[in-house]
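Close look at the chain arrangement
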Amino acid sequence: MFSLTVRSDMACGKCVVMCVCVCVPSGHMTQLVYTEKELLASLDDYIQAEQNKLDSVKRLANMSAFAIQDPETFLSHPVNAFKLLKRMNREWRALEMLVRSNVSDGFVSNLTSRSEDLPNEGDQTGGAEALLRLQDTYQLDSDTMAKGKLPGTSLLLSSLTVDDCFDLGMAAYQEEDFYYVEMWMAQALQQMQQGETLSSVDPITILDYHSYALYRQGDLEAALVSTKQLLAIGEWNQRNVCSCQSLTLVNLAYFEYELAKPDRVEIIPVIPNKYLTAYNATVYKQLCRGESVALTPRRRSRLFCRYHDNHGHPNLLIAPFKEEDLCDAPRVVRYYDVASHKDAEVIKKLAKPKVSPLCFSVRKTVAACSRERVNLHCWLENNGYKVVKKLINRVGYITGLEMSTAEWMQVANYGVGGLYEPHIDFQGNPYEYLGTGNRIATWLLYLSHVEAGGATVFPRAGAFAKPVKGSAIFWYNLHPDGEGDHQTQHAACPVLVGSKWVANTWLHERGQEFKRRCDLQSSAEQGLTSDSQYRHDG
């Protein structure tokens, strides 16, 4: 019987923590950089102390060398005789105390005090998952990622070692994503063949996972080749791996037996559960990559750019905002320069000490964080800060809607790999605890530029908006008749390079009775989406 269960002992250590650090939040990651800086300074002090200790030992060794070579001549000088007595009485005793002393105490103490701030194995796995998510969404090949040649990183090139590639393959293995297991193990083998040295992993282990991943994808021919390469490595006899070698021989026989069958049944590749989503993942990823959407001429004719003063609102008459139509059904618009650079920086400064992951209780001692929403966020009271109040009032000027029933401003930070999968903002049972009805509209303010990735996309409508600092996008979540508009399903794409900061404001139905009147005919019934189908170029 085919014995590929050799991997089961590897899989049993799968991380229980869901994604505390998957999002790689920029604020916390920045703090890790400063923490490492302090630890490096402490390590330098320790190295210097050890060097001083070694210098003292060497100095005494050099002083005694001549005496050993010619004791009689050395002791014929009375000063030498005195110094020998002194050395034997004091300096050797001092040396004993020096050798017994532990100059690492300061460094160890500093490292111990920082241990709670350091990432754990689950955090590292989360970082690997973030890279795999980026690779999958933006269709990046392993060699490009291994060389660090990502968009917007010309001055920040950073490469992956063989061990790094192996760790990424293992992260994919934990998710049973054998497509990426094979890809990253192959990348590790390629770099190893190019002469890169290994530190914590060996070729046998890499090839073992590589052949297994090929088998799980149904590629028996390639798995057979990889298994033969595994057996050809001369290190087997130098290691206590007899049982693994035996299993590999069994696997080899199985591959040859299956390939020799004239009527063999093709093995169905294992598809990881993460691809079984409640939305069109293909369209979502295409939009995240910025692949163009071909609109019908009728839909395109509805998209304009204009200056917006909300029908002569007194606060906008002198300085109207630039308005751009992003989508006609549902209508999504962008307003430019609604927040200054200073406003954005103040909001981020207020939010940084408060942000935390979106988590929920699994057990009394375990908190799991959402895989669908990977970011850090906090809430800022609308009337609690001058800059927040100013920006919230500005939303009212632009939209003409009542802001007294709006939720507090939610500030979110998406670090590298941070995302929010496709979702809708309204609820079937409107927010009863608030007593303000459903979320009638969404205002999304961008507080930063993003070098690559991080777009806001609408998979069902075929629209996307790239982050532009100081701009905001706006849309209604409900039809005029109060029913939810499922075409507003939207998502925050994974951040590829950079750090994305946004501020969400959700406006509620209460107070809008005379500002957005109810209409028993929704926009869909009025024929505004009759030709809203779109085609993808890419």
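The coordinates are above.
Described in the following lines is the structure provided in the data block. Everything numeric in this text was worked out from a predicted model, so none of it was measured.

This part takes up the overall build of the protein. Within the protein one finds 16 helices and 20 strands. Considering the protein as a whole, with its 538 residues, one finds that 45% of them fall into the buried category. Considering only contacts within the protein whose residues lie at least 6 apart along the sequence, 76% involve residues at least 24 apart. As presented, the protein carries roughly 28,700 Å² of accessible surface, and 55% of it is formed by carbon and sulfur atoms.

Our next topic: the environment of Ala-223. Along the chain, Ala-223 falls in helix 11 (residues 220–232). According to the relative accessible area criterion, Ala-223 is buried, its value standing at 0%. In this structure the C-alpha to C-alpha distance between Ala-223 and Asp-208, which are 15 residues apart in sequence, comes to 9.8 Å. Residues contacting Ala-223, with those up to four places away along its chain left out, are Ser-211, Leu-214, Tyr-215 and Phe-255.

Here the focus is the sheet that holds strand 12 (residues 439–446). Spatially, 2-3-4-16-12-19-10-9-5 is the arrangement adopted by the nine strands of the open sheet, whose pairing is antiparallel. The sheet is open, and its two edges are formed by strand 2 (305–308) and strand 5 (356–357), each paired on a single side. One ladder, built from five bridges, connects strand 12 with strand 16 (residues 472–476); its direction is antiparallel. Bridge pairing in strand 16 places Leu-445 opposite Ala-472. Packing of helix 16 (residues 386–399) onto the sheet brings it into contact with strand 2, strand 3 (321–328), strand 4 (331–335), strand 9 (376–380), strand 10 (409–414), strand 12, strand 16 and strand 19 (500–508), and relative to strand 12 it is tilted by some 125°.

Our next topic: the packing of aromatic side chains. Counted according to the given criterion, the structure contains 13 aromatic pairs. Arranged with centres 5.0 Å apart and planes meeting at 85°, the rings of Tyr-179 and Tyr-180 form a pair that is edge-to-face. The class for Tyr-180 is buried, based on a relative accessible area of 6%. With a centroid separation of 5.1 Å and an interplanar angle of 90°, the aromatic rings of Phe-458 and Trp-475 are classed as edge-to-face. With Phe-458 in strand 14 (residues 456–458) and Trp-475 in strand 16, this residue pair connects regions lying 17 residues apart in the sequence. When its relative accessible area of 2% is taken as the criterion, Phe-458 is described as buried.

Another aspect to go through is the pattern of salt bridges. Considering all chains together, one arrives at 14 salt bridges under this definition. Among the ionic pairs, Glu-323 bridges to Arg-306, the shortest N-O distance being 2.3 Å. A residue pair is termed long-range when its members are at least 10 positions apart, and Glu-323 in strand 3 and Arg-306 in strand 2 qualify at 17 residues. By relative accessible area, Glu-323 is classed as buried at 5%. On the basis of relative accessible area, Arg-306 is assigned to the partly exposed category, the value being 30%. Across the salt bridge formed by Asp-325 and Arg-331, the nearest N and O atoms sit 3.1 Å from each other. Exposure remark for Asp-325: the relative accessible area of 6% places this residue in the buried category. Taking the relative accessible area as the measure of exposure, Arg-331 reaches 44% and is therefore partly exposed. Salt bridges linked by common partners bring Arg-306, Glu-323, Asp-325 and Arg-331 together as one network.

Moving on to the nonpolar core. Core analysis: the largest hydrophobic core is formed by 55 residues, its most contacted members being Trp-184, Ile-206 and Val-457. The biggest single contributor to this core is helix 9 (residues 178–193), with nine residues. Apart from the residues within four sequence positions on either side, Ile-206 is in contact with Val-162, Phe-166, Met-185, Ala-188, Leu-189 and Val-201.

All right, on to the packing of helix 8 (residues 162–174) against helix 9 then. Look at helix 8 against helix 9: their axes get within 8 Å of each other, and the N-to-C directions meet at 165°. In terms of orientation, helix 8 and helix 9 fall into the roughly antiparallel class. Remark: the crossing between helix 8 and helix 9 carries left-handed chirality. Contacts from Val-162, Cys-165, Phe-166, Leu-168, Gly-169, Met-170, Ala-172 and Tyr-173 in helix 8 reach Phe-178, Tyr-180, Val-181, Trp-184, Met-185, Gln-187, Ala-188, Gln-191 and Met-192 in helix 9. For the contact of helix 8 with helix 9, the class distribution of residues is 14 nonpolar, three polar and no charged.

Helix 9 packs onto helix 6 (residues 121–138) with a crossing angle of 105° between their chain directions and a minimal axis gap of 12 Å. Relative to helix 9, helix 6 is oriented roughly perpendicular. Counting all contacts with helix 6, which are made through Leu-132, Gln-135 and Asp-136, the residues of helix 9 involved are Tyr-180, Met-183 and Trp-184. The residue makeup of the contact of helix 6 with helix 9, split by class, is four nonpolar, one polar and one charged.

With respect to the secondary-structure elements, Glu-256 resides in helix 12 (residues 242–260). Sequence separation between Glu-256 and Leu-220 is 36 residues; the distance between their C-alpha atoms is 8.6 Å. Those residues within four positions of Glu-256 in sequence are excluded, and the remaining contacts are Leu-224 and Lys-228.

Here helix 11 spans 18 Å end to end across 13 residues, near enough to the 18 Å set by a 1.5 Å rise per residue. Within the span of helix 11, buried status applies to Leu-220, Ala-223, Leu-224, Ser-226, Thr-227 and Leu-230.

Throughout the structure, instances matching the rule amount to five cavities of 30 Å³ or more. When its volume is computed, the largest cavity comes out at roughly 140 Å³. Lining the largest cavity we find 16 residues, and of these Tyr-414, Tyr-420, Leu-444, His-490 and Asn-504 sit closest to its centre. No other element matches strand 19, which puts four residues into the lining of the largest cavity. Taken together, the residues of the lining of the largest cavity break down into eight nonpolar, five polar and three charged.

Quick notes on the rules
- Residues numbered from 1 in each chain as written.
- Predicted model: local features only at pLDDT ≥ 70, side-chain atom pairs only at ≥ 80, totals over all residues.
- Heavy atoms only, no water.
- Helix = DSSP H or I, 4+ residues; strand = E, 2+ residues; numbered from the N terminus.
- Buried < 20%, exposed > 50% of the residue type's maximum accessible area, 1.4 Å probe, protein only.
- Contact = heavy atoms within 4.5 Å.
- Areas by Shrake-Rupley, 256 points an atom, 1.4 Å probe, with all protein chains shown as cover.
- Pairing = 2+ DSSP bridges.
- Axes fitted to C-alpha atoms, helices over the stretch in contact; angles between N-to-C directions.
- Phe/Tyr/Trp six-rings, centres within 6.5 Å; stacked < 30°, edge-to-face > 60°.
- Salt bridge = Lys/Arg side-chain N within 4 Å of Asp/Glu carboxyl O.
- Core = buried A, V, L, I, M, F, W, Y, C linked by side-chain atoms within 4.5 Å.
- Parallel < 35°, antiparallel > 145°, perpendicular 65-115°, else oblique.
- Left-handed = near helix turned anticlockwise from the far one by under 90°.
- Nonpolar A, V, L, I, M, F, W, Y, C, P; charged D, E, K, R; others polar.
- Expected span 1.5 Å × (residues − 1).
- 1 Å grid on protein atoms, 1.4 Å probe; cavity = no way out; pocket = protein on both sides within 12 Å on 5 of 7 lines; lining within 4 Å.
- Points joined across faces, edges and corners; volume = space filled by probe spheres on them.

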